[in-house]
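# Structural overview
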Amino acid sequence: MAAMVVEERELGRLSALAVYRRMAGAGRMERRRRGAPLPAGRKRAKARPRRGRAGGGGSEPEAPPPAATLSRVELPVEAPGEAPLEASVDPRPEATAAGPDAKPRGGPKAMPGGPRPAGEDSGGVSGLLRRLARLEDSRQRAAELFRWLLAPVAPAEFLRRHWERAPLLLRRGDPGYYAGLFSTAEFDAALREGEVHFGTHLDVTSYAEGVRETHNPSGRALPAVVWDFYQNGCSLRLLCPQAFSPTVWHFLSILQEQFGSMAGANTYLTPPGTQGFAPHYDDIEAFVLQLEGKKHWRVYRPRTDAEVLPQFSSANLTQAELGEPVLETVLEAGDLLYFPRGFIHQGDCLPDAHSLHITVSSYQRNSWGDFLEKLLPAALQMALEEDVEYRRGLPMDYLQYMGVANSDRVDARRTAFVEKVQSLIKKLVDYVPIDAAVDQRAKSFLHDCLPPVLTQSEKAQSVYGFPARWQDGGPCNVDILITKDTEVRLLHHGIVRLCNEEAGVMLYYTTENSRVYHKEEPKFLELDPEYTDSIEFLLSSYPNHVSVANLPCETLEEKISLATLLFEKGILTTKKPLAKI
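Residues numbered from 1 in each chain as written. Predicted model: local features only at pLDDT ≥ 70, side-chain atom pairs only at ≥ 80, totals over all residues. Heavy atoms only, no water.

- In the nomenclature of an unreviewed UniProt entry, the protein chain corresponds to Bifunctional lysine-specific demethylase and histidyl-hydroxylase from the organism Pheucticus melanocephalus.
- Annotation of the protein chain in UniProt includes, under Sequence similarities (unreviewed entry), the sentence "Belongs to the ROX family. NO66 subfamily."
- Quoted verbatim from the Function (unreviewed entry) field of the UniProt record, the comment on the protein chain reads "Oxygenase that can act as both a histone lysine demethylase and a ribosomal histidine hydroxylase." (UniProt positions renumbered as here; feature names shortened; annotations may be inferred.)

Listed below in structure tokens is the structure:
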């Protein structure tokens, strides 16, 4: 490595990668191979993605059951109104033109993604989002976006055959399918205009000769430094594209309502002939959307039952630990690859093209086991409070006959002790507060959520379009005049959750969340219990509007007061704008 630095100096140019490696020390690669600690201030590659950045290097769920099979869908041009094609089963790996060790031929290619011709944005993701905006019900928007993501495979077929079971490959033959979602031009604009920082928002990575490295300097990720890393063969992972791209934000904010779990994303820009990440599996369901260029992928089944639908992502794996891939393919622009958590995967660029893809992910820590982690402690607490059997003392001599050292001992006291424990566990079912535990999970989900993106009509009919302003030396159009005849509804169905807690009745909501994961604390309103029925009424009435007079509060004053509060928080919209400029 020292020789590399000297050689670059002789050419009159010192790359960012060379500077990084020189500062880290010439022996850094050797220390990494032996597992020695990194130099102070340097970061080892994470064994699992940080919460809220699901969509790490890819994600893999459980090994499919023996009957599960991979599907590869080759998409011809469909006639209007023709039923979607069913996935054709093809368990054979698809050969690729170049392997993971392919070297780049020359420098990186010029990156596409500049302004598109006028009218082109009528299709792709931009046109899709405009079409979805015409749907009144946010749940319907989410379902339609999910259907579009998987087309031509029907969502029910996907859930039956692939979800948490087996990978799915969709070859669309349509490079413009994801047009407008994200591009290298937008990546570059984020570096120039946004506050992108190494480590927080952007990772610079490489994987060569079996060694995975992260090369993050400190501070802001300036274009000159970032593109120099790229020019020298490093991959760029943007950890939170929704913070910089309104379209990615809009896309994920709709999709999260379909999953009922946080929808996250990372984007990956990889130079030709390189690989940025070691083989690994993740703890999320991953949808890889190829945006530009192409990428060679290999996917492997979980190696053991313990790696099927894992709770946590793996460390970096070696090639020797992998076995044969269950799927090998080259993704091109417009294609999609899904794989469940627990499936090992790796992707490398072919020598003739760069690759830009976005990994959309969900279902991180969203299993039955994660739910029971909330439920069982609450059940035990209720049992302790309500049933004296759980508060009775243990036998004085139980330490003499229980424990691992006594596990083979035949003793009536052991039998009685085990039967007592089993009895208490069975009785615990009577105390499980299932609905309350679900509400707590929902509360956490709402904190994870992106804030909603409003359509033009939603903005005009909400507080976000209210025309209050400073004009002619003073504020005008300030008063929010809601009356008994005002017709209101929730902005979106999934933006609120009622929770009965020790402190009182709380209404959690997402409208004031940040596009950056957990930048804001959970947002909630503490409500008087008598308002509970009105919130439930609004939820059950959605997407229909109801008059304020019909809210089930005791007095008209309370009805107007509640509606005004919810309107001011962006939770309610009105059927007609409250004020006109």
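Still more to cover.
## Focus on the overall build of the protein chain
- Broken down by element type, the protein chain carries 16 helices and 20 strands.
- Among the 581 residues that make up the protein chain, the fraction classed as buried is 50%.
- Sequence-distant contacts in the protein chain: of pairs separated by 6 or more residues, those separated by 24 or more amount to 79%.
- As displayed, the protein chain offers around 27700 Å² of accessible surface, 53% of which is attributable to carbon and sulfur atoms. (Helix = DSSP H or I, 4+ residues; strand = E, 2+ residues; numbered from the N terminus. Buried < 20%, exposed > 50% of the residue type's maximum accessible area, 1.4 Å probe, protein only. Contact = heavy atoms within 4.5 Å. Areas by Shrake-Rupley, 256 points an atom, 1.4 Å probe, with all protein chains shown as cover.)

## Overview of the side chain of Gln-256
- Mapping Gln-256 onto the fold places it in helix α9 (residues 246-259).
- On the basis of relative accessibility, which here comes to 6%, the residue Gln-256 falls in the buried class.
- Not counting the four nearest positions on each side in its chain, Gln-256 is found in contact with Ser-261, Ala-263, Phe-445, Cys-449 and Leu-450.

## Quick notes on the confidence of the model for the protein chain
- Chain-level pLDDT for the protein chain is 85 on average; 80% of the residues reach the 70-or-more range.
- Every residue in residues 1-11 is under pLDDT 50, and counting partners more than four places away or in other chains gives 15 contacts.
- Taken together, the stretch residues 75-121 has pLDDT below 50 and engages in 81 contacts with residues farther than four places along the chain or on a different chain. (pLDDT = per-residue confidence, 0-100.)

## Comments concerning the pattern of salt bridges
- Overall, the coordinates contain 29 salt bridges when judged by the stated rule.
- Among the salt bridges present, the one from Asp-203 reaches Arg-237, with a minimum N-O distance of 2.8 Å. With Asp-203 in strand β4 (residues 202-208) and Arg-237 in strand β6 (residues 235-238), the pair connects residues that are 34 residues apart, well separated along the chain.
- Judged by its relative accessible area of 4%, Asp-203 is buried.
- Ionic pairing is found between Glu-373 and Arg-365, a salt bridge with its closest N-O pair at 3.2 Å.
- For Glu-373, a relative accessible area of 49% translates into the label partly exposed.
- Through salt bridges with shared partners, a single network forms among Asp-397, Arg-409, Asp-411 and Arg-413. (Salt bridge = Lys/Arg side-chain N within 4 Å of Asp/Glu carboxyl O.)

## Focus on the packing of helix α7 (residues 184-193) against helix α8 (residues 223-231)
- Where α7 contacts α8, the two axes come as close as 9 Å, and the packing angle between them is 140°. With respect to α8, the element α7 is oriented oblique. The residues of α8 that touch α7, namely those facing Phe-187, Asp-188, Leu-191 and Arg-192, are Pro-223, Val-226 and Trp-227.
- When the residues that make up the contact of α7 with α8 are grouped by side-chain class, the tally is 5 nonpolar, no polar and 2 charged. (Axes fitted to C-alpha atoms, helices over the stretch in contact; angles between N-to-C directions. Parallel < 35°, antiparallel > 145°, perpendicular 65-115°, else oblique. Nonpolar A, V, L, I, M, F, W, Y, C, P; charged D, E, K, R; others polar.)

## Observations concerning the packing of helix α4 (residues 124-133) against helix α5 (residues 138-150)
- Direction vectors running N to C along α4 and α5 enclose 150°, while the axes themselves pass 10 Å from each other. Here α4 lies roughly antiparallel to α5, going by the angle between them. Of the two elements, α4 crosses α5, and the hand of that crossing is right-handed. Contacts from Val-125, Leu-128, Leu-132 and Ala-133 of α4 reach α5 at Arg-141, Glu-144, Leu-145 and Trp-148.
- Within the contact of α4 with α5, the residues separate by chemical class into 6 nonpolar, no polar and 2 charged. (Left-handed = near helix turned anticlockwise from the far one by under 90°.)

## Things to note about the pairing of strand β12 (residues 355-362)
- With respect to burial, β12 is a largely interior element, 8 of its 8 residues being buried.
- Of the two faces of β12, the one holding Ser-355, His-357, Thr-359 and Ser-361 and the one holding Leu-356, Ile-358, Val-360 and Ser-362 are both buried throughout.
- Pairing geometry for strand β7 (residues 264-270) and β12, over 7 bridges, is antiparallel. Residue pairing for β12: Thr-267 is matched across the bridge by Ile-358.
- Where strand β8 (residues 285-300) lies against β12, 8 bridges are found, and the strand directions are antiparallel. Note on β12: the bridge partner recorded for Ala-286 is Ser-361. (Pairing = 2+ DSSP bridges.)

## Details of the sheet that holds strand β16 (residues 496-501)
- In space, the 3 strands of this open sheet follow the order β16-β17-β18, with antiparallel pairing throughout. In this open sheet, the two strands that pair with only one neighbour each are β16 and β18 (523-527). Direction aside, neighbouring strands of the sheet carry axes that sit 30° apart on average.
- Pairing between β16 and strand β17 (residues 504-509): 6 bridges, direction antiparallel. Bridge pairing in β17 places Cys-499 opposite Met-506.

## Some remarks on unusual backbone geometry
- Residue Pro-152 is reached from Ala-151 by a cis peptide bond, and omega for that bond is 10°.
- Its location among the elements puts Pro-152 in the loop between α5 and α6 (155-161).
- Phi is positive for Arg-365, close to 50°, though the residue is something other than glycine.
- Among the structural elements, Arg-365 can be located in the loop between β12 and α10 (368-386).

## Some remarks on the sheet that holds strand β15 (residues 487-490)
- Here 3 strands make up an open sheet; going across it, the order is β19-β15-β20 and the pairing antiparallel. The open sheet is flanked by β19 (546-547) and β20 (572-574), the only strands paired with a single partner.
- With 2 bridges joining them, β15 and β19 adopt antiparallel strand pairing. Following the sheet pairing, Val-488 is matched in β19 by Val-546.

## Let's talk about the nonpolar core
- With 58 residues, the main nonpolar core has Phe-251, Phe-287 and Leu-289 as its most contacted residues.
- The element contributing the most residues to this core is α9, with 7 residues.
- Setting aside residues no more than four positions away along its own chain, Phe-287 makes contact with Phe-146, Leu-149, Leu-150, Phe-158, Trp-163, Phe-259, Leu-336, Leu-337, Tyr-338, Ile-358, Thr-359 and Val-360.
- Within the second largest apolar cluster, 28 residues are counted, among which are Ile-480, Leu-538, Tyr-542 and Val-546. (Core = buried A, V, L, I, M, F, W, Y, C linked by side-chain atoms within 4.5 Å.)

## Structural notes on the packing of aromatic side chains
- The tally for this structure, following the rule as stated, stands at 25 aromatic pairs.
- Ring geometry for Trp-163 and Tyr-363: centres 5.0 Å apart, planes at 85°, overall edge-to-face. With Trp-163 in the loop between α6 and β3 (168-171) and Tyr-363 in the loop between β12 and α10, this residue pair connects regions lying 200 residues apart in the sequence. Each member of the pair Trp-163 and Tyr-363 is classed as buried. (Phe/Tyr/Trp six-rings, centres within 6.5 Å; stacked < 30°, edge-to-face > 60°.)

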